Amino acid sequence: DAMVIQNPRYQVTQFGKPVTLSCSQTLNHNVMYWYQQKSSQAPKLLFHYYDKDFNNEADTPDNFQSRRPNTSFCFLDIRSPGLGDAAMYLCATSRVPTSAHYNEQFFGPGTRLTVL
Amino acid sequence: QKEVEQDPGPLSVPEGAIVSLNCTYSNSAFQYFMWYRQYSRKGPELLMYTYSSGNKEDGRFTAQVDKSSKYISLFIRDSQPSDSATYLCAMVGGYQKVTFGTGTKLQVIP
């Protein structure tokens, strides 16, 4: 089945120790997104890639970086995790949005990050 | 004021009840309206989407949009314990950016 896969599902890191989260997709979608979701909060868009074109949200901290080496993979790097970065990180993909169809995003299962 | 407001719940109902979940919004540019279901420790999955005002039905689920009141609803008929999850409304406006509500946690008690 076509899907969005995230690894690892659970990640524990220490305060200030860099961490990388991974996302892969078999949907062949052009657009990939990274969201941060804290408990009882809405998913917050961090950035997205339209093919290789990187789009950062204005309020995404510099501590968060991303790489997309090819269509299938996308990585989220947190350079110096703080306690406030503990959250669920969701990867999503979609076709290129147009005025002809809505922007359905397909989500992976998420990576739950704990910062000690 | 948030662009999308959603009561976080939790909402507890007995099995078989009709559930009503709601969101209000303030941005007139929103064009598409979606409902996602999110089980605990899982990613959201799309349940329904609508474009125009009115009702859209899919099995036990009905999505309703009232653009004049900036109000959307999701109704679940004959609710089942397997419906227990967090339900997120989501809206798409300019530049195809998706804005999510905070989610309503639903528990259906057998």
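An account of the accompanying structure is given in this report. (Residues numbered from 1 in each chain as written. Chains lettered and ligands numbered in written order. Predicted model: local features only at pLDDT ≥ 70, side-chain atom pairs only at ≥ 80, totals over all residues. Heavy atoms only, no water.)

### With respect to the layout of surface pockets
Alright, step 1. Space inside the largest pocket adds up to approximately 550 Å³.
Alright, step 2. As for the largest pocket, its lining consists of 22 residues, and the residues nearest its centre are Ser39 and Ser40 of chain A together with Gln38, Ser40 and Thr86 of chain B.
Alright, step 3. For the lining of the largest pocket, the elements supplying multiple residues, two or more each, are β9 (87-94) and β11 (111-115) of chain A together with β9 (85-92) and β11 (104-109) of chain B.
Alright, step 4. In the lining of the largest pocket, the residues fall into eight nonpolar, ten polar and four charged.
Alright, step 5. The computed volume of the second largest pocket comes to approximately 430 Å³.
Alright, step 6. Every residue lining the second largest pocket is counted, 18 residues in all, and those nearest its centre are Ala42, Pro43 and Lys44 of chain A together with Thr99 and Phe100 of chain B.
Alright, step 7. For the lining of the second largest pocket, the secondary-structure elements that each account for two or more residues are β4 (31-37) and β5 (44-50) of chain A together with β10 (98-100) of chain B.
Alright, step 8. With three residues, the top contributor of residues to the lining of the second largest pocket is β10 of chain B.
Alright, step 9. Among the residues forming the lining of the second largest pocket, the class breakdown is seven nonpolar, four polar and seven charged. (1 Å grid on protein atoms, 1.4 Å probe; cavity = no way out; pocket = protein on both sides within 12 Å on 5 of 7 lines; lining within 4 Å. Points joined across faces, edges and corners; volume = space filled by probe spheres on them. Helix = DSSP H or I, 4+ residues; strand = E, 2+ residues; numbered from the N terminus. Nonpolar A, V, L, I, M, F, W, Y, C, P; charged D, E, K, R; others polar.)

### Re the packing of aromatic side chains
Alright, step 1. Using the criterion set out here, one finds 13 aromatic pairs over all chains in the structure.
Alright, step 2. Both rings, one in Tyr25 of chain B and one in Phe33 of chain B, keep their centres 5.2 Å apart while their planes meet at 45°; by these two values the pair is tilted.
Alright, step 3. Residue Phe33 of chain B is classed as buried on the basis of its relative accessible area, which comes to 1%.
Alright, step 4. Both rings, one in Tyr36 of chain B and one in Phe100 of chain B, keep their centres 5.6 Å apart while their planes meet at 55°; by these two values the pair is tilted. Here the residue Tyr36 of chain B occupies a position in strand β4 (residues 32-38), and Phe100 of chain B occupies one in strand β10, the gap between them amounting to 64 residues. When sorted by exposure, Tyr36 of chain B lands in the same class as Phe100 of chain B, which is buried.
Alright, step 5. Taken together, the ring pairs connect Tyr33, Tyr35 and Phe107 of chain A together with Tyr36 and Phe100 of chain B into an aromatic cluster.
Alright, step 6. Between Lys56 of chain B and the ring centre of Tyr49 of chain B, over which it is positioned, the NZ or CZ distance is 3.8 Å. (Phe/Tyr/Trp six-rings, centres within 6.5 Å; stacked < 30°, edge-to-face > 60°. Buried < 20%, exposed > 50% of the residue type's maximum accessible area, 1.4 Å probe, protein only. Lys NZ or Arg CZ within 6 Å of the ring centre and 35° of its normal.)

### Comments concerning the nonpolar core
Alright, step 1. Ranked by size, the top nonpolar core spans 24 residues in total, and within it Trp35, Ile72, Leu74, Tyr87 and Met91 of chain B carry the most contacts.
Alright, step 2. The set of elements that each furnish at least two residues to this core consists of β3 (19-25), β4, β5 (45-50), β7 (61-66), β8 (71-76), β9 and β11 of chain B.
Alright, step 3. Beyond its immediate sequence surroundings of up to four residues, Ile72 of chain B is in contact with Leu21, Asn22, Cys23, Tyr25, Phe33, Trp35, Gln64, Val65, Cys89 and Met91 of chain B.
Alright, step 4. If you look at the next biggest cluster of nonpolar residues, it comprises 18 residues, including Phe64, Cys74, Leu76 and Val115 of chain A. (Core = buried A, V, L, I, M, F, W, Y, C linked by side-chain atoms within 4.5 Å. Contact = heavy atoms within 4.5 Å.)

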